Amino acid sequence: MTDLLNALALLSNFVIVPGLAYGSQLALGALGVTLIYSILRFSNFAHGDTMAFGAMLTILATWWFQSMGISAGPLPTALLALPIGIVGTVLFALATDRMVYRYYRKIKAANIVLMMASVGVMFVMNGIVRVVIGPGEQRFADGERFIIRAREFKEMTGLAEGISLRTTQAITVVVAVIVVALLFWFLQKSRTGKAMRAYADNEDLALLSGINPDKVVLVAWIIAATLATIAGTLYGLDKSFKPFTYFQLLLPIFAAAIVGGIGNPLGAVAGGFVIAFSEMGITYAYKRFIGYIGPDGWVPDGLVQLLSTDYKFAVSFMILVLVLLWRPTGIFRGKVL
Amino acid sequence: MRNIILFGLMGLALVAAGEFQSWPFALTILNLCLISAVMALGVNIQWGYAGIFNVGIMGFAALGGVAAVLVNAAPVPEAWAAGGAGIGASLLAALAVIGLIVLIRKKLSGQLRRYATIAAVIGGYFAVREVYDPAVAAIEAIDPAKTGYLGGLGLPIIFSWAVGGAFAAGGAWVVGKVALGLRSDYLAIATLGISEIIIAVLKNEDWLTRGVKNVSTLKPDVPTAIELQGADWFLGVATWLDADPVAASGIAVKLFYAVLFALVLAGLMWFAERALKSPWGRMMRAIRDNRDAAEAMGKNVTRRHLQTFVIGSAVVGIAGAMLTTMDAQFTPGSYNPLRFTFLIWVMVIVGGSGNNWGSVLGGFLIWFVWIEAERFGPIVMELVTSGMDPESPLRTNLLDSAAHLRLFLMGAILLLVLRFSPRGLIPEK
């Protein structure tokens with residue numbers, strides 16, 4: 001019995017807790033990608049860099065607050081700075097829409113042209129982030145580091161394996177739950193949300209019923225930029241902020257959106273967790289886990305690791321390929337691109 | 001006429017860089033311009049001829065680099081003795097597992113087929129790992145500071161250009177089989193993912209390419225600067241030209257490469273232009289402009305797309321091998337999608353998609369700007385911030401990261417060209 005509990009604790013500590021946090025971050029990112037896809041009908045390559053941009057603004061605001069001696073007690077100061085980051089990123093996103101994307105919507109350009117334009121925006125944002133904050137790594141988490149330390153958990157339960165829960169992990173999950181709940185309420189119940197769903201479903205019909213396309217697009221950008229800033233800040237708090245990492249996040253985020261069914265918000269959330277848990281589960285070394293649940297006193301020779309941790313990004317992509325081959329619309333029946 | 005002027009201006013810019021900065025510097029730019037032009041040509045074959053949006057250029061360039069290692073690096077007999085048989089056995093085992101899966105899919109049906117396939121995949125994976133892991137460990141244990149890998153064939157590196165093309169073509173065939181049936185968005189994301197996987201494999205499979213420990217013992221075929229300085233004929237030429245032999249030898253080596261690269265580019269250009277003007281080229285453009293109509297006329301669109309994808313990727317692979325040849329080292333850690341994928345796209349779009357001359361010009365121009373912007377970024381920033389307090393942390397921070405302004409510049413160029421001149425500098429006829 002204790003062995004089983006130990007095995008569970010071990011798995012929670014190294015796979016389930018980090019997977020939940022990472023999955024929430026991916027889900028928030030994938031929601032933004034899916035939203036832009038269903039309203040503006042292109043895959044936004046700049047989304048990873050939008051996350052970096054939002055996180056950067058939040059970090060700058062955090063430093064400013066810290067220099068003034070403002071803090072949120074046990075919580076990270078970044079949570080207080082988050083609204084500033086969101087406002088800045090929303091303004092930037094609206095400016096890019098005004099200067100770049102609006103023209104292509106007007107001439108009804110092919111979606112591949114919009115995609116290409118988003119590559120240009122990606123370069124611009126990437127350049128801005130690196131010039132302003134530099135390409136290096138930044139840590140900005142402050143406040144209480146742990147909710148439960150592994151040692152405390154061991155003393156509390158008397159198990160050999162501990163579970164540590166970092167504040168940032170708990171905050172990530174809580175914030176993600178709140179944001180996703182708000183977003184779903186907005187899309188299902190509010191007038192604007194319904195208009196957006198109608199527009200995504202059938203553009204011509206929506207226009208005929210008097211839905212204002214400019215307003216729908218505006219709201220889509222506001223939501224996408226907000227989600228990107230929150231996702232970027234949470235990821236930065238949980239791990240650390242480095243511009244290049246955010247660029248690399250693009251692949252698992254796209255994978256999450258497509259695996260869930262692109263254009264489907266519920267799918268984006270599910271896809272985020274599928275990708276996160278597969279990455280964690282496949283690259284985790286199960287040696288000690290099997291030691292606990294296997295026959296007494298027997299421990300496998302190797303690490304019992306399916307793939308080395310360096311193949312993390314490859315995992316998300318392999319899942320993507322499998323889903324594309326077996327169920328091209330994704331788990332929740334999104335659109336076919 | 002316009003084209004000649006544009007290329008003339010490009011040449012002048014390079015000469016100016018030589019005159020005002022330094023000649024070795026200008027020649028380095030020229031060599032990389034030539035390589036970039038070859039890469040842009042390969043992408044243009046895919047995008048301009050067939051409308052395939054490939055965002056995995058980095059992966060194919062890296063496959064070319066691997067070819068340079070496998071062809072040129074000195075073989076490591078101890079490693080072969082320690083693990084060669086094991087690697088071979090695991091390859092055979094992998095083939096056997098694949099054969100078994102194919103057999104299961106053919107002979108069985110229904111639920112049983114699904115479960116048998118899953119069981120074969122999982123069982124086969126562990127069986128192959130059982131052979132593969134000890135072999136890898138044995139190879140990587142052989143003098144890890146110097147070798148720790150199987151090494152190459154020890155052949156002249158110039159062969160690797162063709163081999164690199166073949167590697168990239170083989171990779172592209174597999175990728176295309178899986179991904180080309182998808183629409184543009186999926187294809188883009190799929191190729192982006194595959195290129196990341198290729199880089200991940202190269203970084204981590206140390207037995208093959210030494211991974212992040214890099215292979216820096218490649219030996220180029222052209223004489224090195226040191227060898228030239230010892231050669232009588234070269235000293236004779238240098239005195240006749242009244243030049244400093246040390247400086248002249250560096251320039252001479254770079255010129256050798258420039259001539260070789262230019263020959264490759266010219267050959268590929270000739271093929272590409274011929275292909276574009278042939279019935280095959282007309283068919284490709286018909287497919288690109290109206291896929292359904294071409295299909296109705298009986299053209300096998302998927303097949304032609306696969307063909308173009310393979311050819312274009314092979315060209316990128318050749319360029320990748322040339323790049324590794326010039327660097328004389330293979331560093332998997334240096335492959336970055338911004339530089340190796342998206343920058344090439346900027347070249348193609350700016351030059352003029354669908355026009356081979358356009359993508360060559362784009363390759364030259366964008367690489368030139370990319371390098372010069374790194375130099376001029378700090379100078380511009382110095383001017384912009386000159387009104388600020390020299391000690392202010394904001395100013396030092398901006399000066400430190402000014403080199404990254406070039407990313408901003410590239411994005412701005414791409415956006416401006418897409419908006420105001422979507423057909424590029426040399427539009428398709």
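Residues numbered from 1 in each chain as written. Chains lettered and ligands numbered in written order. Predicted model: local features only at pLDDT ≥ 70, side-chain atom pairs only at ≥ 80, totals over all residues.

> Just checking my understanding: could you explain the overall build of chain A for this structure?
Broken down by element type, chain A carries 13 helices and 2 strands. Its C-alpha atoms give chain A a radius of gyration of 21 Å, within 12% of the compact-globule value 20 Å for 337 residues. Structurally, chain A occupies a C-alpha span of about 70 × 55 × 35 Å along its principal axes. In chain A, which comprises 337 residues, the proportion classed as buried is 48%. (Helix = DSSP H or I, 4+ residues; strand = E, 2+ residues; numbered from the N terminus. Rg over C-alpha atoms; globule rule 2.2 N^0.38 Å. Buried ≥ 20, exposed ≤ 12 C-beta atoms within 10 Å, placed from the backbone.)

> Quick question: what am I supposed to make of the overall build of chain B here?
Check the secondary structure of chain B and you find 18 helices and 0 strands. Principal axes of the C-alpha set define a box for chain B whose edges measure 75 × 60 × 55 Å. Classification of the 429 residues of chain B by burial places 43% in the buried group. Sequence-distant contacts in chain B: of pairs separated by 6 or more residues, those separated by 24 or more amount to 81%. (Contact = placed C-beta atoms within 7 Å.)

> Can you walk me through the interface of chain B and chain A in this structure?
How big an interface is tends to be stated in terms of the accessible area lost upon association of its parts. Opposite the 35 residues of chain B that make contact, chain A presents 34 residues. If you list the elements that add at least two residues to the side of chain B that touches chain A, you get helix H7 (184-204), helix H15 (337-351), helix H17 (393-400) and helix H18 (405-420) of chain B. If you tally residues by element for the side of chain B that touches chain A, the top one is H7 of chain B, at 12 residues. Grouping the constituent residues of the side of chain B that touches chain A by class yields 22 nonpolar, 7 polar and 6 charged. (Nonpolar A, V, L, I, M, F, W, Y, C, P; charged D, E, K, R; others polar.)

> Can you walk me through the nonpolar core in this structure?
The nonpolar side chains of soluble globular proteins are, as a tendency, buried together. Ranked by internal contacts, the top residues of the largest apolar core, which has 221 residues, are Ala220 of chain A together with Val38 of chain B. Here this core gets 18 residues from one element, more than from any other, and that element is helix H2 (residues 23-50) of chain B. Among residues more than four places away in sequence, those in contact with Val38 of chain B are Val264, Leu265, Leu268, Val315, Ile318, Ala319 and Met322 of chain B. Membership of the second largest hydrophobic core comes to 7 residues, among which are Val76, Ala79, Ile139 and Leu150 of chain B. (Core = buried A, V, L, I, M, F, W, Y, C linked by C-beta atoms within 7 Å.)

> Help me understand helix H3 (residues 78-106) of chain A in this model?
Because an α-helix packs 3.6 residues into every turn, residues spaced three or four apart end up facing the same way. Residues and elements named next belong to chain A. Maximum bend of H3: about 45 degrees, positioned at Arg98. Buried within H3 we find Ala78, Ala81, Leu82, Gly85, Ile86, Thr89, Val90, Phe92, Ala93, Thr96, Tyr101 and Tyr104. In this structure, the buried side of H3 is in contact with helix H1 (2-40), helix H2 (47-68), helix H4 (111-133) and helix H9 (213-238). Immediately beyond the C-terminal end of H3, within one or two residues, lies Lys108, with a positive phi of roughly 50 degrees. (Bend = angle between axes of the 7 residues up to and from the residue.)

> In this structure, what is going on with the domain arrangement of chain B? I would like to understand it.
All names here are of chain B. As assigned here, chain B comprises domain 1 (2-75 + 151-386 + 393-420) and domain 2 (76-150). The gap between the C-alpha centroids of domain 1 and domain 2 is 34 Å. Facing 7 residues of domain 1, the contacting portion of domain 2 comprises 11 residues. Split by residue class, the side of domain 1 that touches domain 2 holds 3 nonpolar, 2 polar and 2 charged. (Domains from an automatic or database assignment.)

> Before we go on, may I ask you to explain H7 of chain B in this structure?
Taking 1.5 Å per residue, 21 residues should reach 30 Å; H7 of chain B reaches 30 Å between its end C-alpha atoms and fits that length. Counting buried residues along H7 of chain B, 17 of its 21 residues qualify, which places the element largely inside the surrounding structure. (Expected span 1.5 Å × (residues − 1).)

> Just checking my understanding: could you explain the packing of H2 of chain B against helix H16 (residues 356-384) of chain B for this structure?
Packed helices, taken two at a time, are described by their axes: the angle between them and the distance between them. All names here are of chain B. Interhelical geometry of H2 versus H16 gives an angle of 135 degrees and a closest axis separation of 7 Å. Viewed along their axes, H2 and H16 adopt a mutual orientation that is oblique. Our pair here, H2 against H16, has a crossing hand that is right-handed. Side by side, H2 and H16 meet where Ile29, Leu32, Cys33, Ser36, Ala37, Met39, Ala40, Leu41 and Asn44 of the first sit next to Asn356, Ser359, Val360, Gly362, Gly363, Phe364, Trp367, Phe368 and Ile371 of the second. (Axes fitted to C-alpha atoms, helices over the stretch in contact; angles between N-to-C directions. Parallel < 35°, antiparallel > 145°, perpendicular 65-115°, else oblique. Left-handed = near helix turned anticlockwise from the far one by under 90°.)

> I tried to follow the environment of Asn6 of chain A on my own but got confused; where do I start?
Residues and elements named next belong to chain A. Positionally, Asn6 belongs in helix H1. Under the C-beta neighbour-count criterion, Asn6 is labelled buried, with 20 such atoms within 10 Å. A C-alpha to C-alpha distance of 55 Å links Asn6 and Val100, two positions 94 residues apart in sequence.

> Help me out: how do you make sense of unusual backbone geometry in this one?
Among all residues except glycine, the phi angle is most often negative; among peptide bonds, the trans geometry is most common. Residue and element names in this part refer to chain B. Of note in this structure, Arg210 is not a glycine but carries a positive phi near 65 degrees. Unlike most non-glycine residues, Asn214 shows phi in positive territory, near 65 degrees. Positionally, Asn214 belongs in the loop between helix H8 (206-209) and helix H9 (225-230). Residue Asn214 is classed as partly exposed on the basis of its 15 C-beta neighbours within 10 Å.

> Could you clarify how one ought to interpret the packing of H16 of chain B against H18 of chain B in this entry?
All names here are of chain B. Interaxial distance between H16 and H18 falls to 9 Å at its minimum, and their mutual angle equals 130 degrees. In terms of orientation, H16 lies oblique with respect to H18. Regarding H16 and H18, the two cross each other, and that crossing is right-handed. Residue-level inspection shows Trp370, Ala373, Glu374 and Gly377 of H16 in contact with H18, the latter providing Leu405, Arg406, Leu409 and Met410. Counted by class, the contact of H16 with H18 contains 5 nonpolar, 1 polar and 2 charged residues.

> Looking at this structure, I do not really get the confidence of the model for chain B. What am I missing?
Detail in the predicted coordinates should be disregarded across regions flagged by low pLDDT. With 100% of its residues at a pLDDT of 70 or more, chain B shows a mean pLDDT of 88. Across the whole predicted complex the pTM is 0.90, and at the interface the ipTM reaches 0.90. (pLDDT = per-residue confidence, 0-100.)

> I would appreciate a short explanation of the environment of Gly73 of chain A in the present structure.
Mapped onto the secondary structure, Gly73 of chain A falls in the loop between H2 and H3. Distance in space between the C-alpha atoms of Gly73 of chain A and Asp142 of chain A is 9.1 Å, their sequence separation being 69 residues.

> Teacher, can you tell me more about the environment of Ala21 of chain A here?
Residue and element names in this part refer to chain A. Looking at the element boundaries, Ala21 is found in helix H1. On the basis of neighbour counts, which here come to 25 C-beta atoms within 10 Å, the residue Ala21 falls in the buried class. Once residues within four sequence positions are removed from consideration, Ala21 is found in contact with Gln169, Thr172, Val173 and Asp238.

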